[in-house]
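# Coordinates in review
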Amino acid sequence: FMQYAKDNYEIYLSESEAKSYRQNFFSIYSKLPKWHTKVRSMIHFNGYIRSLDGQVRHLPNVYSDDDQLIAEAERQGINSAVQGFASNMNLAGSLAMHSTIPRDILRVVATIHDANGMWVRVPYLFEVLPMIKKLMENPPILRSMGVELSVPIKVDIKVGPWGIGKEIDFSKYNRDNFNETFPNTV
């Protein structure tokens with residue numbers, strides 16, 4: 001955690017600060033340690049982890065003699081169980097949009113982990129954005145695969161250039177004020 005904070009955010013933590021942050025995190029999310037233990041056990045037993053949608057990630061280093069390689073395999077397994085599914089859900093939502101919304105109205109131009117970049121023709125934004133939100137929060141293919149989520153997935157939609165778009169709160173808009181707010185959006 002100390003190295004991650006330093007490398008990614010140029011934040012330098014002492015060992016006691018890092019331990020304190022970790023303890024606080026796991027006190028807020030108190031069921032995670034038990035889940036981590038369960039995932040580690042599954043990885044050691046099977047040599048792989050399977051995501052909710054069935055994707056398998058093989059982790060042969062869990063059988064290494066090197067403790068660092070074992071720890072890395074366990075970390076990758078915990079990460080893959082969550083982020084692998086999120087990425088696949090993102091792709092499933094993209095496929096649903098592609099098969100539901102005509103290409104002359106919407107085009108997915110990039111998928112990045114759990115985000116999509118897309119072009120939507122301006123006159124269709126007000127109608128299409130709620131459709132995108134619905135398809136991304138619950139892609140139809142998941143139901144056909146037997147995946148039932150016990151927690152809701154929340155999708156945020158921003159309109160504008162990548163990284164600086166305005167987040168849309170659908171409850172604040174109707175067709176008229178939406179088009180006034182986003183008249184020249186691409």
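### Considering the packing of aromatic side chains
Within the structure shown, the criterion is met by 4 aromatic pairs. Taking the centre distance of 5.2 Å and the plane angle of 85° together, the rings of Phe25 and Phe26 count as edge-to-face. Classification of Phe26 as buried rests on a relative accessible area of 17%. Taking the centre distance of 5.0 Å and the plane angle of 45° together, the rings of Phe25 and Tyr29 count as tilted. For Phe25, a relative accessible area of 39% corresponds to the partly exposed category. Put simply, the rings of Phe25, Phe26 and Tyr29 pair up and form one aromatic cluster.

### Observations concerning the pattern of salt bridges
Applying the stated criterion to the full structure yields 5 salt bridges. Its salt-bridge partner being Lys19, residue Glu15 comes within 3.3 Å of it at the nearest N-O pair. One end of the pair, Glu15, and the other, Lys19, are both in helix H2 (residues 15-28), 4 residues apart, so they sit about a helical turn from each other. Judged by relative accessible area, Glu15 falls into the partly exposed class, the value being 49%. Close ionic contact of Arg75 with Glu72 constitutes a salt bridge, the shortest N to O distance being 2.7 Å. Of the two residues, Arg75 and Glu72 both sit in helix H4 (residues 67-100), 3 residues apart, roughly one turn of that helix.

### A closer look at the side chain of Glu74
In this structure, Glu74 sits in helix H4. When its relative accessible area of 15% is taken as the criterion, Glu74 is described as buried. The residues touching Glu74, leaving out its near neighbours within four places in the chain, are Arg40, Ile43 and His44.

### A closer look at the packing of H4 against helix H5 (residues 125-137)
At a closest axis distance of 8 Å, the pairing of H4 and H5 adopts a crossing angle of 135°. Here H5 runs oblique to H4, going by the angle between their axes. The interaxial crossing formed by H4 with H5 has right-handed handedness. For the pair formed by H4 and H5, the contact residues are Met89, Asn90, Gly93, Ser94, Ala96, Met97 and Thr100 on the first element and Met131, Ile132, Leu135, Met136 and Glu137 on the second. For the contact of H4 with H5, the residue count by class is 7 nonpolar, 4 polar and 1 charged.

### Here we look at the environment of Gly160
Along the chain, the position of Gly160 falls in the loop between strand E5 (158-159) and strand E6 (166-167). By relative accessible area, which is 29% here, Gly160 ends up partly exposed. Expressed as a C-alpha distance, the spacing of Gly160 and Trp119, which sit 41 residues apart in the sequence, is 9.7 Å.

### As for the nonpolar core
Core analysis: the largest hydrophobic core is formed by 17 residues, its most contacted members being Met97, Ile101, Leu106, Val128, Leu129 and Ile132. Elements that contribute at least two residues to this core include exactly H4 and H5. It is H5 that contributes the most residues to this core, 6 residues altogether. Ignoring sequence-local partners within four residues, the contact set of Val128 consists of Ile101, Ile105, Leu106 and Val120. Among the nonpolar cores identified, the runner-up in size contains 8 residues, and Val39, Ile43, Ile78 and Ala81 belong to it.

Parameters at a glance
Residues numbered from 1 in each chain as written. Predicted model: local features only at pLDDT ≥ 70, side-chain atom pairs only at ≥ 80, totals over all residues. Heavy atoms only, no water. Phe/Tyr/Trp six-rings, centres within 6.5 Å; stacked < 30°, edge-to-face > 60°. Buried < 20%, exposed > 50% of the residue type's maximum accessible area, 1.4 Å probe, protein only. Salt bridge = Lys/Arg side-chain N within 4 Å of Asp/Glu carboxyl O. Helix = DSSP H or I, 4+ residues; strand = E, 2+ residues; numbered from the N terminus. Contact = heavy atoms within 4.5 Å. Axes fitted to C-alpha atoms, helices over the stretch in contact; angles between N-to-C directions. Parallel < 35°, antiparallel > 145°, perpendicular 65-115°, else oblique. Left-handed = near helix turned anticlockwise from the far one by under 90°. Nonpolar A, V, L, I, M, F, W, Y, C, P; charged D, E, K, R; others polar. Core = buried A, V, L, I, M, F, W, Y, C linked by side-chain atoms within 4.5 Å.

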